[in-house]
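Breakdown of the fold
Each chain, letter by letter, is given below.
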Amino acid sequence: MPIAPLHSEPNAQSERVDEILHGWQVTINDTIGVFFNITTDYGYKGFVEGDFLAFDANLAYFATPSKLQTIISNFADVTTEPDVRASIIATLPRGGFVLTHEKFANHTAITLANGTTAYVRNNTIHQNNTINSDEKTLRKNLVDCAKIYLGTQYRWGGKSPLGIDCSGLTFMSYRFNGITIWRDAHYKDGYPLIKIPPETAKKGDLLYFPRHIAMLAEHDTIIHSAFANNGVVMEALSKNIKLSQSVLYATTFFERCEPTGVFPP
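Scoring rules and cut-offs
Residues numbered from 1 in each chain as written. Predicted model: local features only at pLDDT ≥ 70, side-chain atom pairs only at ≥ 80, totals over all residues. Heavy atoms only, no water. Axes fitted to C-alpha atoms, helices over the stretch in contact; angles between N-to-C directions. Helix = DSSP H or I, 4+ residues; strand = E, 2+ residues; numbered from the N terminus. Parallel < 35°, antiparallel > 145°, perpendicular 65-115°, else oblique. Left-handed = near helix turned anticlockwise from the far one by under 90°. Contact = heavy atoms within 4.5 Å. Nonpolar A, V, L, I, M, F, W, Y, C, P; charged D, E, K, R; others polar. Polar contact = N/O pair within 3.5 Å; in protein donor to acceptor, adjacent residues only side chain to side chain. Phe/Tyr/Trp six-rings, centres within 6.5 Å; stacked < 30°, edge-to-face > 60°. Buried < 20%, exposed > 50% of the residue type's maximum accessible area, 1.4 Å probe, protein only. Lys NZ or Arg CZ within 6 Å of the ring centre and 35° of its normal.

Before going further, it helps to examine the packing of helix α1 (residues 135-147) against helix α2 (residues 166-175). The N-to-C vectors of α1 and α2 enclose an angle of 130°; their axes lie 8 Å apart at closest approach. Accordingly, the angle class assigned to the pair α1 and α2 is oblique. Considering the relative orientation of α1 and α2, their crossing is right-handed. Taking contact as the criterion, the partners of Leu142, Cys145 and Ala146 in α1 are, on α2, Leu169, Met172, Ser173 and Tyr174. Residues of the contact of α1 with α2, tallied by class, amount to six nonpolar, one polar and no charged.

The following block contains the structure:
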């Protein structure tokens with residue numbers, strides 16, 4: 001499945017707290033009926049229906065980062081043959097993993113998490129990122145990644161181009177750049193961010209508000225996904241009176257000894 005909803009309870013009508021994208025690894029803790037209590041590689045917990053999971057032990061290679069590539073276009077059609085006229089068997093969202101094989105003129109052979117062999121366009125995938133940029137470049141890349149989601153609708157618990165929430169946007173922007181942060185709108189110890197005074201925040205740093213999070217794009221300009229805007233926008237913080245008067249703290253990745261998370265784990 002391209003996207004697996006992660007629920008707060010073993011019930012499809014319960015709150016969607018997160019989404020697991022195609023090819024992402026999870027740890028199964030317990031089962032309750034058709035639901036599995038799982039923990040993601042970034043420490044988030046919840047319940048997912050078994051139909052969304054692939055259990056084939058032969059697919060352990062999905063745990064080997066060097067063999068995987070990431071969907072980098074908003075969506076990538078998966079076809080039965082290396083031809084744009086071939087049948088489409090799935091459409092994967094930005095951020096999903098696939099195992100890649102032989103390259104053709106315009107397509108790459110892949111294996112999906114369910115073991116199916118198929119094909120995607122070459123320009124829809126890229127090798128998984130690691131932290132290898134200088135600070136200036138990395139800051140720019142973080143903001144550029146967030147900008148890709150501009151116009152995406154707001155979706156509680158979402159983190160794909162189909163819909164994304166505030167912490168989903170910041171999480172995906174950092175993760176695409178090799179940094180795994182906490183997937184929520186508050187600071188949590190154990191992840192490679194540290195708290196800083198809001199006035200010292202720079203491009204790519206995060207600003208926290210009551211139950212909300214945004215990325216600083218430039219001086220006084222933030223990019224965030226907000227229910228009030230029905231999606232991802234850039235705006236001047238000083239003109240958003242409600243937010244500008246309620247900043248709690250900021251965090252940065254750039255004052256640390258060594259990173260503690262990479263993408264994929």
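What follows is about the environment of threonine 111. Residue position: threonine 111 is located in strand β10 (residues 107-111). Polar side-chain contacts of threonine 111 include one of 2.7 Å to the side chain of histidine 101.

We now examine the packing of aromatic side chains. Tallying each qualifying case throughout the model produces 12 aromatic pairs. Judged by centre distance (4.7 Å) and plane angle (25°), the ring pair of tyrosine 208 and tyrosine 249 falls under stacked. One end of the pair, tyrosine 208, is in strand β16 (residues 206-209); the other, tyrosine 249, is in strand β20 (residues 249-252), and 41 residues separate them in sequence. Since its relative accessible area comes to 3%, tyrosine 208 is described here as buried. Taking the ring centre of phenylalanine 176 as reference, the NZ or CZ of arginine 94 above it sits at 4.1 Å.

All right, on to the side chain of serine 246 then. Along the polypeptide, serine 246 turns up in the loop between α3 (241-244) and β20. Within the structure, serine 246 has its side chain in polar contact with the backbone oxygen of lysine 242 (distance 2.8 Å).

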